[in-house]
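# Survey of secondary and tertiary structure
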Amino acid sequence: MATVSGGQKLEAALRDLAEKLSKPATLRVGFLENAKYPDGTPVAMIAAINEYGAPSRGQPPRPFFRRMIDAKQGEWAPAIAALLKANDNDAAKTLEIAGAAIAGQLRQSIIDLLEPALAPSTIRRKGFDKPLIDTGHMLNSVDHEVKT
């Protein structure tokens, strides 16, 4: 007959794990409510116009956010699982690390987007031909937030 010892340690470990798992956390990545241009315009509004375009103004969609999600979303669950294990199942700490990484992926997507090209008039006004980058405010406004 097999003997099992250490039941109290196992029970304590399971209680600890249950306590950690009972404290869920939520991650948001993108352009949060507090991100505004100096004139008060929400950065999220300008990002949405860039993402989906403004046909009435002749501005084509530049889907930096959707492309990043399509390219990177398969990496997130395995990375979060590994982070949970490495962080002793601390959801908030795990999502803080994951959020910073995903925000970096979003910034890189903004930097990497080259198509569709800017109109010649826009290039003349800006002095360079990089879509999605004008003052850098939108790029620098990418953020993440963990709520517990």
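Please refer to the structure placed before this passage.
Now for a quick tour of the structure.

Conventions adopted
Residues numbered from 1 in each chain as written. Predicted model: local features only at pLDDT ≥ 70, side-chain atom pairs only at ≥ 80, totals over all residues. Heavy atoms only, no water. Helix = DSSP H or I, 4+ residues; strand = E, 2+ residues; numbered from the N terminus. Buried < 20%, exposed > 50% of the residue type's maximum accessible area, 1.4 Å probe, protein only. Core = buried A, V, L, I, M, F, W, Y, C linked by side-chain atoms within 4.5 Å. Contact = heavy atoms within 4.5 Å. Phe/Tyr/Trp six-rings, centres within 6.5 Å; stacked < 30°, edge-to-face > 60°. Axes fitted to C-alpha atoms, helices over the stretch in contact; angles between N-to-C directions. Parallel < 35°, antiparallel > 145°, perpendicular 65-115°, else oblique. Nonpolar A, V, L, I, M, F, W, Y, C, P; charged D, E, K, R; others polar.

If you trace the backbone, Pro120 turns up in helix H5 (residues 120-126). Classification of Pro120 by relative accessible area gives exposed; the value is 55%. Along the backbone, Pro120 and Asn89 are 31 residues apart, and their C-alpha atoms lie at a distance of 52 Å.

Turning our eyes to something else, we now look at the nonpolar core. Counting 17 residues, the largest nonpolar core has Phe31, Phe64, Ile110 and Met138 as the members making the most contacts within it. Sorting the residues of this core by element identifies helix H2 (43-52), helix H3 (64-86), helix H4 (91-112) and helix H6 (137-140) as the ones contributing at least two each. Ranked by residues supplied to this core, first place goes to H4 with 4 residues. Those residues within four positions of Met138 in sequence are excluded, and the remaining contacts are Phe31, Tyr37, Val43, Ala47, Asn50, Phe64, Ile110 and Leu132.

Enumeration according to the criterion identifies 3 aromatic pairs in this entry. When the centroid spacing of 6.4 Å and the interplanar angle of 65 degrees are considered together, the rings of Phe31 and Phe65 count as edge-to-face. Here Phe31 is found in the loop between strand E1 (26-30) and H2, whereas its partner Phe65 is found in helix H3, with 34 residues between them in sequence. For Phe65, a relative accessible area of 22% translates into the label partly exposed. An angle of 45 degrees between the planes, with centres 6.1 Å apart, marks the rings of Phe64 and Phe65 as tilted. Assessed through its relative accessible area of 1%, Phe64 is described here as buried. Among the aromatic residues, ring-to-ring pairing joins Phe31, Phe64 and Phe65 into one connected group.

On to the packing of H2 against H3, then. Between H2 and H3, the shortest axis-to-axis distance is 7 Å and the interhelical angle comes to 75 degrees. It follows that H2 is roughly perpendicular to H3 by the angle criterion. Along the contact surface, H2 presents Ala47, Asn50, Glu51 and Tyr52, while H3 presents Phe64, Phe65 and Arg66. Here the residues of the contact of H2 with H3 sort into 4 nonpolar, 1 polar and 2 charged.

Turning our eyes to something else, we now look at unusual backbone geometry. Each neighbour pair has its own omega, and for Glu115 with Pro116 the value is -5 degrees, a cis peptide bond. Tracing the chain through its elements places Pro116 in the loop between H4 and H5. For Leu132, which is not a glycine, the phi torsion comes out positive at approximately 70 degrees. By the secondary structure assignment, Leu132 is in the loop between H5 and H6. Leu132 gets classed as buried once you look at its relative accessible area, which sits at 13%.

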